[in-house]
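# Geometric and topological summary
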Amino acid sequence: MSHPASAPDDPYDVERVRRDFPILHQQVNGHPLVYLDNGATSQKPRCVIDAISDYYLRDNSNVHRGVHTLAARATEAFESARTRAQEFLRAQDSKEIVFVRGTSEAINLVARGYAVPQLKAGDEVLITEMEHHSNIVPWQMICQETGALLRVLPIDEQGELSLDQLDDLMHAKTRVLALTHVSNALGTVNPLAQIIRKARDKGIVTIVDGAQAAPHMRIDVQKLGCDFYAFSGHKVYGPTGIGVLYGRMPLLREMQPYQGGGEMIRKVSFDETTYADPPYKFEAGTPNIAGAVGLAAALDYVDELGLERIARHELTLLKYATAAVEKVAGIRIIGRAREKAGILTFIIDGVHAHDVGTIMDHQGIAIRAGHHCAMPVMKKFGVAATTRASFGLYNTHQEVDALVSGLHEVREIMGT
Ligand code: 7TS
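Starting from 1, residues in each chain are numbered consecutively following that chain's sequence as written. Only residues with pLDDT of at least 70 are given local features in this predicted model, and only at 80 or more are side-chain atom pairs given and counted; all residues enter the totals for whole chains, interfaces and linings. Values reported for side chains reflect all heavy atoms of the structure, with hydrogen atoms and water molecules removed beforehand.

## Re the site of the ligand
Lining the immediate surroundings of the ligand are 16 residues, of which Ser-104, Asp-209, Gln-212, Ser-232 and Arg-388 lie closest. With respect to the ligand, the side chain of Gln-212 contributes an N or O atom lying 2.7 Å from an oxygen atom. Values of accessible area rely on a 1.4 Å probe in the Shrake-Rupley scheme; residue burial ignores everything except the protein chains shown. For the ligand, whose accessible area on its own is 500 Å², the fraction buried by protein is 86%. Taken together, the residues that form the shell around the ligand break down as two nonpolar, 10 polar and four charged. Proximity is defined per residue: any heavy atom of the residue falling within 4 Å of a molecule or strand makes that residue near it. Polar contact is the term for a pair of N or O atoms within 3.5 Å; when the atoms are in protein, one must be able to donate a hydrogen and the other to accept it, and sequence-neighboring residues count only if both atoms are side-chain atoms. Under the scheme applied here, ten amino acids are nonpolar (Ala, Val, Leu, Ile, Met, Phe, Trp, Tyr, Cys and Pro), four are charged (Asp, Glu, Lys and Arg), and all others, including Gly, are polar.

## Details of the pairing of strand β8 (residues 205–209)
In this scheme, a residue with accessible area under 20% of its type's maximum is buried, one over 50% is exposed, and one in between is partly exposed, where area comes from a 1.4 Å probe on protein chains only. Secondary structure counts use DSSP, requiring at least four H or I residues in a row for a helix and at least two E residues in a row for a strand, with both numbered from the N terminus. In terms of burial, β8 is a largely internal element, five of the five residues being buried. Of the two faces of β8, both are covered, the one formed by Val-205, Ile-207 and Asp-209 as well as the one formed by Thr-206 and Val-208. We treat two strands as partners when DSSP finds at least two bridges between them. As paired elements, strand β7 (residues 174–180) and β8 share five bridges and run parallel to each other. Counterpart to Thr-180 in the pairing with β8 is Asp-209. Crossover handedness is defined by viewing with both strands directed away from the observer: a clockwise path from the first strand over the helix to the second marks the crossover as right-handed. Where the polypeptide runs from β7 across helix α7 (residues 192–201) and back to β8, its parallel neighbour, the crossover connection is right-handed. In terms of strand pairing, β8 meets strand β9 (residues 228–232) through three bridges, oriented parallel. Paired with Ile-207 across the strands is Phe-228, a residue of β9.

## Topic: the sheet that holds strand β4 (residues 97–100)
Strand pairing in a sheet is mediated by backbone hydrogen bonds. Such pairs are either parallel or antiparallel. A sheet is described by the order of its strands in space; here seven strands give the open sequence β4-β10-β9-β8-β7-β5-β6, paired in mixed fashion. Of all strands in the sheet, those bounded by a partner on one side alone are β4 and β6 (149–153). With strand direction ignored, the average angle separating the axes of adjacent strands in the sheet is 20 degrees. Direction of pairing for β9 relative to strand β10 (residues 243–247): antiparallel, over a ladder of five bridges. Note that in β10 the partner of Phe-228 across the bridge is Gly-247. Every residue pair with non-hydrogen atoms within 4.5 Å of one another is taken to be in contact. Only the stretch in contact is used when a helix axis is fitted, and all axes are lines through C-alpha atoms; the angle between N-to-C directions ranges over 0 to 180 degrees. Seen against the sheet, helix α3 (residues 69–89) touches β4, β9 and β10 and runs at an angle of roughly 115 degrees to β4.

## Some details on the nonpolar core
Working definition of a nonpolar core: buried Ala, Val, Leu, Ile, Met, Phe, Trp, Tyr and Cys residues. They are joined through side-chain atoms within 4.5 Å. Among the nonpolar cores identified, the biggest contains 79 residues, and Phe-88, Leu-89, Tyr-229, Phe-231 and Leu-393 are the most heavily contacted of them. If you tally residues by element for this core, the top one is helix α10 (residues 289–305), at 12 residues. Residues from two domains meet in this core; each of domain 1 (50–303) and domain 2 (306–414) gives at least three. Setting aside chain neighbours within four positions, we find Leu-393 in contact with Tyr-12, Val-14, Val-17, Phe-21, Tyr-237, Tyr-301, Val-302, Leu-305, Ile-310, His-313 and Glu-314. Counting 29 residues, the second-largest nonpolar core is a separate cluster that includes Leu-109, Val-125, Ala-148 and Ala-230. Bear in mind that the domain bounds are from an automatic or database domain assignment.

## Section: the pattern of salt bridges
The salt bridge criterion pairs a side-chain nitrogen of Lys or Arg with a carboxyl oxygen of Asp or Glu, the two atoms within 4 Å. According to the stated counting rule, one finds 23 salt bridges in the structure shown. Two residues, Lys-380 and Glu-157, come together in a salt bridge whose shortest N-O distance is 3.4 Å. With a gap of 223 residues between them, Lys-380 in helix α13 (residues 375–380) and Glu-157 in the loop between β6 and α6 (166–169) connect regions that are remote in the sequence. A residue is classified by how much of its surface remains accessible, and Glu-157, at 56% relative accessible area, is exposed. With a shortest N-O distance of 3.9 Å, Glu-308 and Arg-218 are connected by a salt bridge. Here the residue Glu-308 occupies a position in helix α11 (residues 307–325), and Arg-218 occupies one in the loop between β8 and α8 (221–224), the gap between them amounting to 90 residues.

## Overview of the sheet that holds strand β16 (residues 368–370)
Overall, antiparallel pairing links the four strands, which are arranged β13-β14-β17-β16 in an open sheet. If you trace the sheet from one side to the other, it starts and ends with β13 (331–334) and β16, each paired once. Strand after strand, the sheet turns through a mean of 30 degrees between neighbouring axes, direction not considered. When β16 meets strand β17 (residues 386–390), the two strands line up antiparallel, connected through three bridges. Pairing of Gly-370 across the sheet is with Thr-386, part of β17. Contacting β13 and β14 (343–348), α11 crosses the sheet at an angle of about 10 degrees to β14.

## Points about the domain arrangement of the protein chain
Considered domain by domain, the protein chain is made up of domain 1 (50–303) and domain 2 (306–414). Spacing between the C-alpha centres of domain 1 and domain 2 amounts to 29 Å. Across the boundary between the two partners, domain 1 contributes 31 residues, which contact 31 residues of domain 2. Defined here as a combined quantity, buried area equals the accessible surface (1.4 Å probe) lost by two parts on assembly, summed across both. Interface area, domain 1 with domain 2, both sides summed: about 2600 Å², of which 56% is carbon and sulfur. At the junction of domain 1 with domain 2, the criterion picks out three salt bridges. Along the contact surface separating domain 1 from domain 2 lie 17 residue pairs in polar contact (both at pLDDT 80 or more).

So, in structure tokens, the structure goes:
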């Protein structure tokens, strides 16, 4: 594996970091690419690309089944990726790590496999108003099926959770609390430890959507005290199609699989099947082995660079960008939480977010325009869509400057 640009105690050298990402060094529409859509997916360092191609060039085989050398190597690579994910999340046991396609699949697995067998009509599932659709729709689906009720903790005008309403919404009927660590539409970082402690005291099972947290901050599931935690590989500089569900072992033992097939069984006959132990009973079929290998390389990369240093760099960018963007006339920033990760969302008076996105693209700047799969957040702030710049570990102050001059250009072109 190639090593990231600098050791944890060096000053953060973003230009060296950028050299690890081949895709960044290109022109788009005649301008240097400015990639500010990391909330959707992040770019991959060469060590991740190499790990995947080396796996296919040297070790490819199926896992857990063969006695031959390549099968042993593939199994070893896959299982050490599991251990790598365990270390990344500070989980107690690598068997608490289930490989899935991504955050969406992880939440669906918990909703189907854990919540459905527990829920009765009249029970309640609590989510928040800032959830991504991935942490709304699966709960809605199973509430319809079981007769449970979906309750929603509101957000305030700053884009923070209204914690004063939490006690009223957590009561004897509440079985599950599903909430995001970081909002993809607002950037808000939620005070998870405090919320989870309350839930645990009331015997409520907690699942955290960590899709927007894993790339930006150190996560320790044991300190957080959550029951489940999910994240996607592709947002943390790893490949698409691989993600992680962490679950506390006693709950994984109780949880039912929702896909049957090879790899997940202990014994099969036509009368009866007994399942393998966790995590294997949730991993039917041939898994995304190369994806897991790439994910492990990505976790090595961010850990070697240092998540604390990455967070510091991104927060400097966010502060710089917030100050510059709010000076542009006619812009309103949505999401003013006291604690935010590297996400800046805004609207420009009289200009549709999609027009902003298109004009920016003409200048080589990749940002996202739309509802960000968080329609309830849009509704709360009375807008149909917003523009979002989301920062990653390779973004620079010059790129923020490009974003701001792009916004001036938008206002000129649109005549606002
Ligand atoms: N949860 C949050 C908070 C997210 O931001 C996303 C993806 C997901 C869940 C779903 O992750 P997946 O890997 O299963 O798709 N968010 C975004 C976004 O903000 N723009 O594009 C995808």
